[in-house]
Amino acid sequence: MVTDPIADFLTRIRNAQMAGHRIVEIPASNLKKRITEILYEQGYILKYKFEDNTKQGIIKIALKYDPTSKQPAIRSLERVSRPGLRQYAKPSEMKRVINGLGIAIISTSKGVLTDKQAKAQNVGGEVLCYVY
């Protein structure tokens, strides 16, 4: 049993990148699917596929690496809010990740958004993670 499924999701991606894997499989949930879509839209992963062949479903993510240096596209995945200490931010209080080069993924009342989308829609919420 996993107490923090988002931390597990991020850790599986980090571990797969450190081991140099091309594909990582993660148990699915609607929140994890939306985070995967955001990572794809922002260019951090090559592609993804949702498979509903089991009771829970599986997310298959093709990781992205730099062709010359073999470095992963995702330099850091950092969990911000956690079950023991939730972190919330108003649109005016959202910190810029790596001076605007990274993204923060935020769970808002309008769905899971990036920090830039949340500021544009003027909504705050729980800061799930930082990606850069």
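So, here is what we can say about the structure in this document. Just so you know, these numbers come straight off a predicted model, no measurement behind them.

1. A closer look at the packing of aromatic side chains
- Following the criterion strictly, the structure yields two aromatic pairs and no others.
- Seen from their ring centres, tyrosine 40 and tyrosine 48 are 5.3 Å apart, and the 75 degrees between their planes marks the pair as edge-to-face.
- On the accessibility criterion, tyrosine 40 (40% relative accessible area) is partly exposed.
- Judged by its relative accessible area of 28%, tyrosine 48 is partly exposed.
- Ring geometry for tyrosine 48 versus phenylalanine 50: centroids 5.1 Å apart, planes at 40 degrees, classification tilted.
- Members of the aromatic cluster, connected to one another through ring pairs, are Tyr40, Tyr48 and Phe50.
- One Lys or Arg, lysine 33, reaches over the ring of phenylalanine 50 and ends 5.4 Å from the middle of that ring.

2. Things to note about the pattern of salt bridges
- The full count for this structure, using the stated rule, is nine salt bridges.
- With its nearest N and O atoms 3.5 Å apart, the salt bridge here joins lysine 60 to glutamate 25. One end of the pair, lysine 60, is in strand β3 (residues 58-63); the other, glutamate 25, is in strand β1 (residues 23-27), and 35 residues separate them in sequence.
- Taking relative accessible area as the criterion, glutamate 25 reaches 42% and is therefore assigned partly exposed.

Procedures and definitions
- Position numbers for residues count from 1 along each chain, tracking the sequence in the order it is written.
- Owing to the predicted nature of the model, reporting of local features is limited to residues with pLDDT of at least 70; listing and counting of side-chain atom pairs is limited to 80 or more, with chain, interface and lining totals taken over all residues.
- Just so you know, side-chain values use all the structure's heavy atoms and leave hydrogens and water out.
- Any two of the Phe, Tyr and Trp rings considered here, Trp counted by its six-membered ring, make a pair once their centres fall within 6.5 Å; the pair's planes then place it as stacked at under 30 degrees, edge-to-face at over 60, or tilted in between.
- Burial classes follow relative accessibility: with a 1.4 Å probe on protein chains only, a residue under 20% of its type's maximum area counts as buried, one over 50% as exposed, and anything between as partly exposed.
- Criterion for a charge above a ring: Arg CZ or Lys NZ at most 6 Å from the ring centre, at most 35 degrees from the ring normal.
- Salt bridge, as used here, is a side-chain nitrogen of Lys or Arg placed within 4 Å of a carboxyl oxygen of Asp or Glu.
- Counting from the N terminus, the helices are DSSP H or I runs at least four residues long and the strands are E runs at least two residues long.

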